[in-house]
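Each chain, written out:
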Amino acid sequence: MNPAEPLFPFRYRDDLQVALPIGGIGAGCLCLNGSGGLQDFSLRNRPSTTAVPDHLPYGCQNAAFALLHIKGDKPVTRLIEGPIPPEKIYDQGLQTQGFRHGGHEGLPRFSKSSFSAGYPFGRVQLSDPKVPVTAEVTGFNPFIPLDAKNSGIPCAVLEYTLKNTSRREVSLEFSFHWSHPAVNIGDGEQAARNAGERESRTAVVDGRGVKFFNTSVPTAEQFGTACLLAPKGKPLVKAMWFRGGWFDSISQLWREVSTGSFTPNDGWDGIDTDERNGGSILLRARLKPGQSITHPVILSWHFPNGYQAQAHGEMGWANGRDRTDGPWWRPYYAGVWADAVEVAQYVADNYRSLRERTVAFNRALFSSTLPMPVLDAVSANLAIIKSPTVLRLEGGQLWGWEGCYPGWGCCPGSCTHVWNYAQSIPHLFPELERTLRSLEWERSMDASGKVAFRAALPIGPARFKHCAAADGQLGGMLKLYRDWHISGDTPWMAGLYPLARLSLEYAIETWDPERTGLLVEPHHNTYDIEFWGPDGMCTSIYIAALSAMARLAAALGRSKDEQAYAALAERGAKAMAAELFNGEYLQQRVRYADLRDKSFLQELEARLAKGGQRAALLKNEGPKYQYGSGCLSDGVIGAWMARIYGVEAPFDQSQIRSTLSAIHRHNFRSDLAEHANCQRPGYALGHEAGLLLCSWPRGEKPTLPFVYSDEVWTGIEYQVATHLIAEGMVKEGLALVKAVRSRYDGRVRNPFNEYECGGYYARAMASYALLGTLSGFRYSAVERTLWFGPKLRTLPFQVFFSAAEGWGTVRLEKDRLVVSLVEGRLPLKRILVETAGTVRELVVDKVVKAGSPVSFRLGATRRPR
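Below is a short write-up of the structure. (Residues numbered from 1 in each chain as written. Predicted model: local features only at pLDDT ≥ 70, side-chain atom pairs only at ≥ 80, totals over all residues. Heavy atoms only, no water.)

Here we look at the environment of Ala-689
Phase 1: As for its placement among the helices and strands, Ala-689 is situated in the loop between strand E25 (668-669) and strand E26 (690-691).
Phase 2: It is 9.5 Å that separates the C-alpha atoms of Ala-689 and Val-712, two residues lying 23 residues apart in sequence.
Phase 3: With sequence-adjacent residues up to four places away left out, Ala-689 is seen in contact with Phe-668, Arg-669, Ser-670, Leu-672, Ala-684, Ala-739 and Arg-743. (Helix = DSSP H or I, 4+ residues; strand = E, 2+ residues; numbered from the N terminus. Contact = heavy atoms within 4.5 Å.)

Below, the structure written as structure tokens:
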């Protein structure tokens, strides 16, 4: 294998749903689909997918495509894409006029295609018996752990490799075409036309490409630029397409390319003013039999003005198209590059380095000796980081949706309880993750310690009027502990500790006023309802959070806090074991009569006075939307967080393991055909396998249980899978992972878009925890200690890792551990390796640096686990 080329371990053929996001962190993206085409151009600081038509002229809905023309006695021309999926034909039929928004879709195509993936790379291979040249399309955006700037470039890189498979020399023309992506939208466009002007313009860039721009007010929402650039060769450049009506532009392009009469120009001729325009490049080559050539193409964009407001938990975008008082916020890249041309030139100038470093990441990740469904789950969900779910603002802060609807974000504000599950950003880009802690406590918490679980956009004090979310608020303390150990930044932790303490004290006073260690008062959570009375899910997070805060307090010499929180955690763990464990699993004890919160009793009294079915239900069963004696898949999530973050919490581990075993036994269904789900069945249904959020193996299912109880969520499946594996139930955990990825196999669902409430759902980033759990890898920069203990006994065992100062691989052989840094450094004082139930401890004083693998011989020093 060529070490300069990425690995592609996953292959898809005739799979309709494949669409790989290509873009920068918080910078927008487009998708390379399974046929080799481009779709879902989410370039303007918001989602924009093919599920909804864009507001662009006919034939120009972000049309971006490549053509191959073979010269000779029998010329042939092909769109460099495979057969069009039937689903797209059906989708266009629903729009009643066929391909009204993409005239290039109807051009002759290659007859065969296949898609291969090795994130962040996607590759499409195309062939046709009537074409003497095969085509290969490789797409990516730089993805380099710990390098947030270069992993956040607003661009897509496409490499078109053409190979002569005939016995004769071939003369060919390769061309790429992009409709104007900075075309104005809304009233500004029409006003310009009425005035006989043209706001959307184009120009030649350094003889290598096309700049797309508009002449809007620089503060307007639609203001921006894009660029099409060929970093190698000297292309012919057409900076203005033919302007006419209907489908004239692309029809004329096809005529020129297919007849070998491509005509370059410098852009606007001052005469034709119609908005329907775009730009193209064309490169010529002659290939001998067996010879190939690669043409890289860079697509970049730069839309610096954000006018979306999410200060009150409201959805949607404010109308900023005609504003002149400045944007409410700007994306991070707007403070790094002046426009899209500067972006494209930066990528061109650093092309070799950016590609090599991205390939190095790809090869390090896929050199891991883990089961393929695990590598699939880990790698595919990294795409969420590059999706429209994630925004990055000019100050460097992250801000995220829960997921993405086709035309707008779903559920705003880096929702604390959803992002509790996400584990990839903290390890791969820890500096970005730490901005979420500041967002949570410095921007979204009031003077009482109540955290608004949806942060404001623009970044500022949150004015979300909803109640606090117990699981999200308490999860923040665990994430502070995790991020401190990842970063080793004690001053940073110390600065946030008083705020975390205020948040914890609010939680205690609000949900555990008697300081029993149980959350007894009604507490909001990720299921969008309140649990009344103590439950295993939120109470386990509470106990873990108390334990984490005790450890943080100890590190800061705050012995009073340490003792108080440790004692309360101990008390809570004993109470949870005594009151919530039913002999098989931890459940909920519904309470409402003896609480400080009397709202349900007041509602019940009012309902009983009116009578009716609802009053009878509330009288017999208590508050709606509880789970009671149910077996909840999230039932011990706090113990999961404590385990993967290295927090020592006083749980009864035998009860934790029993609960996990029950969750798998009762909630995992290998076939859902007989499962009744009146909620959102599209997540998993029919003969698919999946883990239900809850079941009631002992009966007593509430008439109206919590609203999502019959659904299947991938983020929770990964949470349970990793916890099962951590507790030694490896086979059961891997079965869950395989079930998820079997559903997202490209035929029915996109492998790179696990959805829940919206696509690219943040909770699915829980899959990254599989790396650490299966390998037993954990590194503390605070203690300079590395833990390693594979759950799979096959040797040699190798896994990718990313720490705060470096990333690479760790390899366990029979009698040695080899640490290889690809980039950065890893200071070590202690190594603990667990095998066969015992731990071997090595005391070292070594800084492992990139390029110099270090082998540590495992001695005989052992101690029981």
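Now that the structure has been shown, the text picks up again.
Some points on unusual backbone geometry
Phase 1: For the peptide bond that leads from Leu-457 to Pro-458, omega is 5 degrees, which places it in the cis range.
Phase 2: Counting through the fold element by element, Pro-458 comes out in the loop between helix H9 (430-443) and helix H10 (470-487).
Phase 3: That bond from Leu-795 to Pro-796 is cis: its omega, -5 degrees, falls within 30 degrees of zero.
Phase 4: Within the secondary structure, Pro-796 is located in the loop between strand E29 (785-788) and strand E30 (797-802).
Phase 5: The backbone of Asn-45 shows a phi angle near 65 degrees, a positive value even though the residue is not glycine.
Phase 6: Its location among the elements puts Asn-45 in the loop between strand E4 (38-42) and strand E5 (64-70).

Regarding empty space enclosed by the protein
Phase 1: Evaluated as defined, the whole model comprises 3 cavities of 30 Å³ or more.
Phase 2: The volume enclosed by the largest cavity comes to roughly 100 Å³.
Phase 3: For the largest cavity, the lining is made up of 14 residues, of which Ser-414, Thr-416, Leu-436, Leu-439 and Glu-440 are closest to its centre.
Phase 4: Taken together, the elements giving at least two residues each to the lining of the largest cavity come down to helix H7 (416-419) and H9. (1 Å grid on protein atoms, 1.4 Å probe; cavity = no way out; pocket = protein on both sides within 12 Å on 5 of 7 lines; lining within 4 Å. Points joined across faces, edges and corners; volume = space filled by probe spheres on them.)

Some details on the side chain of Arg-482
Phase 1: By secondary structure assignment, the location of Arg-482 is in helix H10.
Phase 2: A distance of 3.0 Å separates polar atoms of two side chains, one belonging to Arg-482 and the other to Glu-433.
Phase 3: When near neighbours in sequence (up to four residues on either side) are disregarded, Arg-482 contacts Ala-422, Gln-423, Pro-426, Glu-433, Arg-437 and Tyr-645. (Polar contact = N/O pair within 3.5 Å; in protein donor to acceptor, adjacent residues only side chain to side chain.)

Digging into the pairing of strand E32 (residues 816-835)
Phase 1: Across 4 bridges, E29 lies against E32 in parallel orientation. Counterpart to Trp-787 in the pairing with E32 is Leu-832.
Phase 2: Inspection of the sheet shows E32 paired to strand E34 (residues 854-857) by 4 bridges, in the antiparallel sense. Bridge pairing in E34 places Val-818 opposite Ser-855.
Phase 3: Bridge count for E32 against strand E33 (residues 838-849) is 10 bridges, and the pairing is antiparallel. (Pairing = 2+ DSSP bridges.)

Quick word on the sheet that holds strand E16 (residues 278-287)
Phase 1: If you walk across this open sheet you meet the 5 strands as E6-E5-E11-E16-E15, and the pairing is antiparallel. Two strands lie at the open edges of the sheet, namely strand E6 (76-79) and strand E15 (236-238), each paired on one side alone. Here the strands of the sheet are splayed against their neighbours by 20 degrees on average, with no regard to which way each runs.
Phase 2: Relative to strand E11 (residues 170-179), E5 runs antiparallel, the two sharing 7 bridges. Counted as the bridge partner of Phe-65 is His-177 from E11.
Phase 3: Together, E5, E6, E11, E15 and E16 form the strand contacts of helix H3 (residues 248-258), whose direction differs from that of E5 by roughly 25 degrees. (Axes fitted to C-alpha atoms, helices over the stretch in contact; angles between N-to-C directions.)

Nothing here speaks to function; it is all geometry.
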